[in-house]
Amino acid sequence: MDQVVENIYLLVIVTLISVLQNAFFALKVEKECKSSNTSAFERVSCANRNCMDAYSTFLAVMWCAGLCLSQAPAAFAGIIYLVVRQKYFVGYMGQTSQSTPGYLFGKRILFFLLMMCIVGIFNYLLMRHYRSDYKEYVETITSAASALLLLP
Amino acid sequence: MDQVVENIYLLVIVTLISVLQNAFFALKVEKECKSSNTSAFERVSCANRNCMDAYSTFLAVMWCAGLCLSQAPAAFAGIIYLVVRQKYFVGYMGQTSQSTPGYLFGKRILFFLLMMCIVGIFNYLLMRHYRSDYKEYVETITSAASALLLLP
Amino acid sequence: MDQVVENIYLLVIVTLISVLQNAFFALKVEKECKSSNTSAFERVSCANRNCMDAYSTFLAVMWCAGLCLSQAPAAFAGIIYLVVRQKYFVGYMGQTSQSTPGYLFGKRILFFLLMMCIVGIFNYLLMRHYRSDYKEYVETITSAASALLLLP
């Protein structure tokens, strides 16, 4: 079983951090739920719901990318997604801004993870049918490309 | 790690398609969010929420069925579920129909996947305790049974 | 593939039970949706939504704990979580109680599963870098500690 853990431990760590962040969001909702400020409660509840709606999708795509290609860039993209999500949540709760951010966030990162999955599957099919294995090249390119996510 | 990919690549492909569909739903919500048509926004938002509520359940049951028994019928049932979900979403957004479809959809497919899981677990326990392995028969029957999902 | 099933079959069983429970919740919502009692529908819909919001988090943390450390205590904690969730849902629907339970539930169990993940990852890293393996001790302690979850 330790071989399995070897291939997923970075993904597990990112998942744990995301769970802690979920708990933070939920505590905020719980706190506002008890206060009497309806507009603040509605805002925080809506932000939490939007984050939760996207959460399953994020987990699915991160784990697929990590299993099919390589875990380090997937976990790195996951961390960046969590940072973006934190910013989104805080931005949603902001008192002064009347205009809330939209429904979607982290599109670029999810797109990157999706690309990783597709490349991984494609590489696997190539290897199976034509015995040509580009996995090492692809992993190097992916690791380099993941740094591009840091661009604002 | 390539052995792992061999056993899950069909499931990953279905997951990717479902993620693309989620993105399509989310873009619809984002678009209606900006327009001023409140009733249309409410309808599309409700349809999206119902789909998202069931999404984790669907993913969990599809992956369990694929891992415990065999991936091809599970992925096939997953594809059909996505088609049903697309129909449900489009039906929910329909302008003319006042009566929206209910909260649930794709019950038959989820039930089929659930049965696959139970059969897979049962087969594993039988094999472990009595050394009797019916996996091949079960896989053949499952593949044949999955064609029944195509019936309207 | 049977080795894989051996390490996850308890987790799969708990996942199946949770899916059945989700179906039970969804059927309740569907039923109230058709009746004309708006306040009851709102209550059951809200309870269902709160349960669904936490569902992805629960699945993620249970599977991580089961994969990283050992499946039996993780599955046991999962079962207890499902019992707590059932109580929460029924309590939310209660006619007489005006005060609904809060947004969160099962905090202690999720915290226990989170601890299991962290210990598992930590143990793996220790083993990898220092060749010291405490996994057996940790598993025994975890199994014993999971019994503490039964305390009210």
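Coordinates for the structure precede this section.
Residues numbered from 1 in each chain as written. Chains lettered and ligands numbered in written order. Predicted model: local features only at pLDDT ≥ 70, side-chain atom pairs only at ≥ 80, totals over all residues. Heavy atoms only, no water.

> For this particular structure, what's the right way to read the nonpolar core?
Across soluble globular proteins, you tend to see nonpolar side chains buried next to one another. Membership of the largest hydrophobic core comes to 149 residues, with the highest contact counts inside it found for Leu113 of chain A, Phe58 and Leu113 of chain B together with Leu113 of chain C. Excluding its chain neighbours within four sequence positions, the residues that come into contact with Phe58 of chain B are Gly78, Tyr81, Leu82, Leu110 and Leu113 of chain B. (Core = buried A, V, L, I, M, F, W, Y, C linked by side-chain atoms within 4.5 Å. Buried < 20%, exposed > 50% of the residue type's maximum accessible area, 1.4 Å probe, protein only. Contact = heavy atoms within 4.5 Å.)

> In this structure, what is going on with the side chain of Asn22 of chain B? I would like to understand it.
Inspection of the secondary structure assignment puts Asn22 of chain B in helix 1 (residues 2–34). In this view, Asn22 of chain B contacts Thr57 of chain A together with Met52, Tyr55 and Arg85 of chain B; residues no more than four positions away in its chain are not counted. (Helix = DSSP H or I, 4+ residues; strand = E, 2+ residues; numbered from the N terminus.)

> Got a minute to help me understand the packing of helix 3 (residues 71–93) of chain B against helix 4 (residues 107–130) of chain B in this structure?
When two helices pack together, their arrangement is given by the angle between the helix axes and by the axis-to-axis distance. Residues and elements named next belong to chain B. Orientation of helix 3 relative to helix 4, taken along the N-to-C sense of each, is 165°, at an axis distance of 10 Å. Overall, the two elements helix 3 and helix 4 adopt an arrangement that is roughly antiparallel. Of the two possible hands of crossing, helix 3 and helix 4 adopt the one that is left-handed. Only Ile109, Leu110, Phe112, Leu113 and Met116 of helix 4 make contact with helix 3, whose side of the interface consists of Pro73, Ala74, Ala77, Ile80, Tyr81 and Val84. Residue composition of the contact of helix 3 with helix 4, grouped by class: 11 nonpolar, no polar and no charged. (Axes fitted to C-alpha atoms, helices over the stretch in contact; angles between N-to-C directions. Parallel < 35°, antiparallel > 145°, perpendicular 65-115°, else oblique. Left-handed = near helix turned anticlockwise from the far one by under 90°. Nonpolar A, V, L, I, M, F, W, Y, C, P; charged D, E, K, R; others polar.)

> What should I look at first to understand the interface of chain A and chain C in this one?
Bring the parts together and some accessible area is lost; that lost area is often taken as the interface size. Taken together, the contacts link 24 residues of chain A with 24 residues of chain C. When chain A packs against chain C, the two sides together hide about 2,200 Å² of surface, and 72% of this comes from carbon and sulfur. Between the two partners, chain A and chain C, sit one salt bridge. For the side of chain A that touches chain C, the secondary-structure elements that each account for two or more residues are helix 1 (2–34) and helix 2 (38–68) of chain A. A total of 16 residues in the side of chain A that touches chain C trace back to one element, the largest contributor, which is helix 1 of chain A. Residue composition of the side of chain A that touches chain C, grouped by class: 16 nonpolar, four polar and four charged. (Buried area = accessible area lost by both parts, 1.4 Å probe. Salt bridge = Lys/Arg side-chain N within 4 Å of Asp/Glu carboxyl O.)

> What exactly am I supposed to notice about a nonpolar patch on the surface here?
A contiguous nonpolar surface patch, about 220 Å² in accessible area, is contributed by Ile17, Ile79 and Val83 of chain A. Tracing the chain through its elements places Ile79 of chain A in helix 3 (residues 71–93). (Patch = residues over 30% accessible without salt bridge, like charges linked within 9 Å, V, L, I, M, F, W, Y side chains within 5 Å. Areas by Shrake-Rupley, 256 points an atom, 1.4 Å probe, with all protein chains shown as cover.)

> It is not clear to me how the pattern of salt bridges should be interpreted in this structure. Could you clarify?
Opposite charge on two side chains permits pairing when their charged atoms draw close. Counted according to the given criterion, the structure contains three salt bridges over all chains. Between Arg49 of chain A and Asp53 of chain C there is a salt bridge, with the nearest N and O atoms lying 3.5 Å from each other. Of this pair, Arg49 of chain A sits in helix 2 while Asp53 of chain C sits in helix 2 (residues 38–68), on two different chains. Judged by its relative accessible area of 17%, Arg49 of chain A is buried. Here Asp53 of chain C falls in the buried class, since its relative accessible area comes to 8%.

> Where do I start with the relation of the copies chain C and chain B in this structure?
There are two copies of the chain, and a rotation about an axis plus a shift along that axis relates them. It takes a turn of 120° to lay chain C on chain B, together with a shift of 0.0 Å along the axis; the resulting RMSD is 0.0 Å. Each copy turns onto its partner about a three-fold axis. Ranked by how close their C-alpha atoms come to the rotation axis, the residues of chain C are headed by Ser56 of chain C, at 3.6 Å. The fraction of interface residues of chain C whose copies in chain B are also interface residues is only 8%, indicating that the copies meet through different surfaces. (Least-squares fit on C-alpha atoms with pLDDT ≥ 70 in both.)

> Can you help me understand the environment of Leu151 of chain C in this one?
All names here are of chain C. Along the chain, Leu151 falls in the segment after helix 5 (135–146). Judged by its relative accessible area of 48%, Leu151 is partly exposed. The sequence separation of Leu151 and Gly66 amounts to 85 residues, and the corresponding C-alpha distance is 22 Å.

> Explanation requested: the interface of chain C and chain B in the structure shown.
Of the residues lining the interface, 24 residues belong to chain C; the matching set on chain B comes to 24 residues. Between chain C and chain B, roughly 2,200 Å² of surface is buried when both sides are summed, and carbon and sulfur atoms account for 73% of that area. Where chain C meets chain B, there are one salt bridge. At the surface where chain C touches chain B, the tally comes to three residue pairs in polar contact (both at pLDDT 80 or more). Elements with a contribution of two residues or more to the side of chain C that touches chain B: helix 1 (2–34) and helix 2 of chain C. Broken down by class, the residue content of the side of chain C that touches chain B amounts to 16 nonpolar, four polar and four charged. (Polar contact = N/O pair within 3.5 Å; in protein donor to acceptor, adjacent residues only side chain to side chain.)

> Just checking my understanding: could you explain the relation of the copies chain A and chain C for this structure?
Relative to chain C, chain A is turned by 120° and slid 0.0 Å along the rotation axis, the superposed coordinates differing by an RMSD of 0.0 Å. When you check the interface residues of chain A against chain C, a mere 8% turn up at the interface there too, and the two sides of the contact use different surfaces.

> Help me understand the packing of aromatic side chains in this model?
Two numbers describe a pair of aromatic rings. These are the distance of the centres and the angle of the planes. Here the structure, examined in full by the defined rule, presents 24 aromatic pairs over all chains. For the ring pair Tyr9 of chain A and Tyr124 of chain C, a centre distance of 5.0 Å and an interplane angle of 50° mean the geometry is tilted. Highlighted residues: Tyr9 of chain A in helix 1 and Tyr124 of chain C in helix 4 (residues 107–130), drawn from two different chains. Each member of the pair Tyr9 of chain A and Tyr124 of chain C is classed as buried. Residues Tyr81 of chain A and Phe105 of chain A carry aromatic rings whose centres are separated by 5.7 Å and whose planes lie at 25° to one another, so their mutual orientation is stacked. Of the two residues, Tyr81 of chain A sits in helix 3 while Phe105 of chain A sits in the loop between helix 3 and helix 4 (107–130), which places them 24 residues apart along the sequence. Among the aromatic residues, those joined into a ring-pair cluster are Phe58, Tyr81, Tyr88, Tyr92 and Phe105 of chain A. (Phe/Tyr/Trp six-rings, centres within 6.5 Å; stacked < 30°, edge-to-face > 60°.)

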